[in-house]
Amino acid sequence: QNGYDLLFDLYGGKDKKAEGGMVALHAWLTPRRLIAEAGIWNENLSVDDDGEFFCRVVLKAEQVKFVPEAIGYYRRHEHQNSLSSQKSYKAFRSALDAIKLKYQHIGIDNGMNALLANQVMHLLNDLYPAEGKLCKEMQQFIDQLGGNTWEPYQEGVQKWLRILFGWRFVKLLSYYKNKRKKNHINTTS
């Protein structure tokens, strides 16, 4: 498989939810020559730094081989917070910056642009309504990429509310409902 096809699949090209996936860091066996060509690890990123790095690596590779018999273990504790699950401004900033760098590495490509826009839409949906300036930047980047094909709230009442009023309205309802619920729990404790 060539690097572009791998990235297309990895970024959600065949995924109906358009979430994409990831490859564990320890699953890659990469020749030193290829790493030298792709460039060093971007230490300015804290989230999706591996995704940005391996985007460069697979785009420089002549081919990528997948070995289905290989097994790797990924230990995860029940209450462990991974870097990719952080919900801080710094985490969202890094995730957006990583996607912007992937866009630069790949170049303008309508099929890939939509997948990257979907990744940003997932971030925006997670972040909204907090950090208005960063949300605005995310929306502008989605627009620059040509728009997203994935929308949040795909089922039930929330889907119909999204269709009628937009996803931001549904997110605000959920946000204030959860905030009220937390306040109620705090006052009764």
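Calculation notes
- Residues numbered from 1 in each chain as written.
- Predicted model: local features only at pLDDT ≥ 70, side-chain atom pairs only at ≥ 80, totals over all residues.
- Heavy atoms only, no water.
- Helix = DSSP H or I, 4+ residues; strand = E, 2+ residues; numbered from the N terminus.
- Expected span 1.5 Å × (residues − 1).
- Buried < 20%, exposed > 50% of the residue type's maximum accessible area, 1.4 Å probe, protein only.
- Arc of directions from axis to C-beta.
- 1 Å grid on protein atoms, 1.4 Å probe; cavity = no way out; pocket = protein on both sides within 12 Å on 5 of 7 lines; lining within 4 Å.
- Points joined across faces, edges and corners; volume = space filled by probe spheres on them.
- Nonpolar A, V, L, I, M, F, W, Y, C, P; charged D, E, K, R; others polar.
- Phe/Tyr/Trp six-rings, centres within 6.5 Å; stacked < 30°, edge-to-face > 60°.
- Lys NZ or Arg CZ within 6 Å of the ring centre and 35° of its normal.

Engineer: How do you make sense of helix H6 (residues 132-144) when you look at a structure like this?
Structural biologist: Given 3.6 residues to a turn, an α-helix orients residues that are three or four positions apart in the same direction. The end-to-end C-alpha separation of H6 is 18 Å, in line with the 18 Å expected for 13 residues at 1.5 Å each. For H6, the complete set of buried residues consists of Leu-134, Cys-135, Met-138, Gln-139, Phe-141 and Ile-142. Seen along its axis, H6 keeps its buried residues to an arc of 160°; they face one direction. Exposed and oriented more than 90 degrees from the buried face of H6 are Lys-133, Lys-136, Asp-143 and Gln-144. Gly-146 occupies a position one or two residues after H6 and carries a positive phi of about 100°.

Engineer: Looking at this structure, I do not really get the layout of surface pockets. What am I missing?
Structural biologist: In this structure, the second largest pocket spans a volume of roughly 900 Å³. Looking at the second largest pocket, it is lined by 30 residues, and the ones nearest its centre are Ala-27, Trp-28, Leu-29, Lys-65 and Phe-66. When contributions to the lining of the second largest pocket are tallied by element, the ones reaching two or more residues are helix H2 (32-38) and helix H3 (49-60). The class makeup of the residues in the lining of the second largest pocket is 20 nonpolar, five polar and five charged.

Engineer: In this structure, what is going on with the packing of aromatic side chains? I would like to understand it.
Structural biologist: Each pair of aromatic rings is reported with the distance of its centres and the angle of its planes. Taken as a whole and judged by the stated rule, the model has eight aromatic pairs. The interplanar angle of 80° and the centroid separation of 5.8 Å between the aromatic rings of Tyr-103 and Phe-141 together place this pair among those described as edge-to-face. With Tyr-103 in helix H4 (residues 89-106) and Phe-141 in helix H6, this pair connects stretches of sequence that are 38 residues apart. Residue Tyr-103 shares its accessibility class with Phe-141, and that shared class is buried. Each member of the aromatic cluster is reached from another via a ring pair, and the members are Trp-28, Trp-41, Phe-53 and Phe-54. Over the aromatic face of Tyr-128 sits the side chain of Arg-168, whose NZ or CZ is 5.7 Å from the ring centroid.

Engineer: Please explain unusual backbone geometry as it appears in this structure.
Structural biologist: Both trends apply: most residues other than glycine have a negative phi, and most peptide bonds are in trans. Cis geometry is adopted by the peptide bond preceding Pro-129, which originates at Tyr-128 and carries an omega value of 10°. Its place among the elements puts Pro-129 in the loop between helix H5 (110-127) and H6. Its identity as a non-glycine residue notwithstanding, Asp-48 has a phi of 65°, on the positive side. Within the fold, Asp-48 resides in the loop between H2 and H3. Even without being glycine, Tyr-153 reaches a positive phi, approximately 60°. Counting through the fold element by element, Tyr-153 comes out in the loop between H6 and helix H7 (156-165).

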